[in-house]
Amino acid sequence: MSDETDTQEPSLGAPQRRRPNAGYKLSKERTGGDQLNFHYSRDRRLEKAPQSVRDLYKEEPPRRFNLLRPLIGSKPRAMMFGSIVLICVTMLTLSVLGYTGDTYSLAGNSLFIQADNYDGAVMVTLKKTIKKNGLFAGDDAYTGAVDLAVSPANTGSNAVAPPVFYHRVFFSLESAEEYHFSVPFDSGELVMVLQTEKDTLSLKIKAREVQPAIPISK
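Residues numbered from 1 in each chain as written. Predicted model: local features only at pLDDT ≥ 70, side-chain atom pairs only at ≥ 80, totals over all residues. Heavy atoms only, no water.

Any details on the environment of Glu-189? Residues and values, ideally.
By secondary structure assignment, the location of Glu-189 is in strand S9 (residues 189–195). Residue classification places Glu-189 among the partly exposed residues on the basis of a relative accessible area of 21%. For the pair Glu-189 and Lys-206, spaced 17 residues apart in the sequence, the C-alpha separation amounts to 4.3 Å. Once residues lying within four places of it in the same chain are set aside, the contact partners of Glu-189 are Ser-151, Pro-152, Ala-153, Asn-154, Lys-204, Ile-205, Lys-206 and Ala-207. (Helix = DSSP H or I, 4+ residues; strand = E, 2+ residues; numbered from the N terminus. Buried < 20%, exposed > 50% of the residue type's maximum accessible area, 1.4 Å probe, protein only. Contact = heavy atoms within 4.5 Å.)

Now, about the confidence of the model for the chain: what can you tell me, with residues and values included?
With 66% of its residues at a pLDDT of at least 70, the chain reaches an overall mean of 76. Within the chain, the element-level pLDDT minimum falls on strand S5 (residues 136–137), averaging 52, and the maximum on strand S7 (residues 165–171), averaging 92. (pLDDT = per-residue confidence, 0-100.)

Which residues make up the side chain of Ser-187, and what are the values?
Topologically, Ser-187 is positioned in the loop between strand S8 (176–183) and S9. At 2.8 Å, the side chain of Ser-187 and the backbone oxygen of Glu-189 are in polar contact. Residues in contact with Ser-187, not counting those within four places in the same chain, are Asn-117, Val-122, Pro-152, Ala-153 and Ala-207. (Polar contact = N/O pair within 3.5 Å; in protein donor to acceptor, adjacent residues only side chain to side chain.)

Would you mind going over the packing of aromatic side chains in detail, with residue names and values included?
Going through the model one piece at a time under the given rule, you end up with 2 aromatic pairs. Ring centres of Phe-165 and Phe-181 lie 6.2 Å apart, and the angle between their planes is 20°; on these two criteria the pair is classed as stacked. Taken together, the positions of Phe-165 in strand S7 and Phe-181 in strand S8 put the pair 16 residues apart, joining distant regions of the chain. For Phe-181, a relative accessible area of 5% translates into the label buried. (Phe/Tyr/Trp six-rings, centres within 6.5 Å; stacked < 30°, edge-to-face > 60°.)

Here it is, written out as structure tokens:
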């Protein structure tokens with residue numbers, strides 16, 4: 001056997017062999033010469049994509065700054081925002097009318113009453129403001145003497161009548177007035193009765209424990 005390979009180059013005079021599908025074009029010819037043609041359409045590709053993907057490619061104009069849009073942008077957020085506004089308006093209305101906290105109403109006057117216990121001495125603070133009808137002060141607010149009766153709420157024995165402390169203040173035409181007085185008994189809770197010529201107000205307040213300020217020695 002010889003070391004020569006079986007494949008030999010055809011001689012110059014021998015006919016060249018052609019492939020059977022020589023007339024079939026195996027690749028597309030470029031009409032633009034060396035210019036590359038890209039067959040890509042985003043719109044056609046997104047037609048079969050899910051809605052979440054199409055939303056990502058959706059182009060929207062830039063929005064202007066709007067303070068309420070983030071708060072009411074959806075139905076749940078709008079309902080929550082409306083509930084918060086309604087609660088705030090209700091609390092403000094009750095506060096103005098004197099139905100919340102330590103504020104009470106007596107004959108057209110708004111009263112703030114507070115009791116502080118300073119190491120066994122109970123001091124009562126009474127602040128009076130004239131109620132307003134809209135933007136104007138009420139003309140029907142009572143002016144004159146107001147009698148107060150104060151007694152401890154819990155005496156510890158039903159057989160003994162609780163002590164009663166009487167005091168009198170005078171409401172004037174001033175829109176805001178403040179009164180201070182102390183009661184001669186130590187109690188964590190007080191019962192008070194305020195009486196004018198026609199109206200009476202009964203209430204119960206708790207005395208706050210207040211630590212006296214200790215002076216700093218030099």
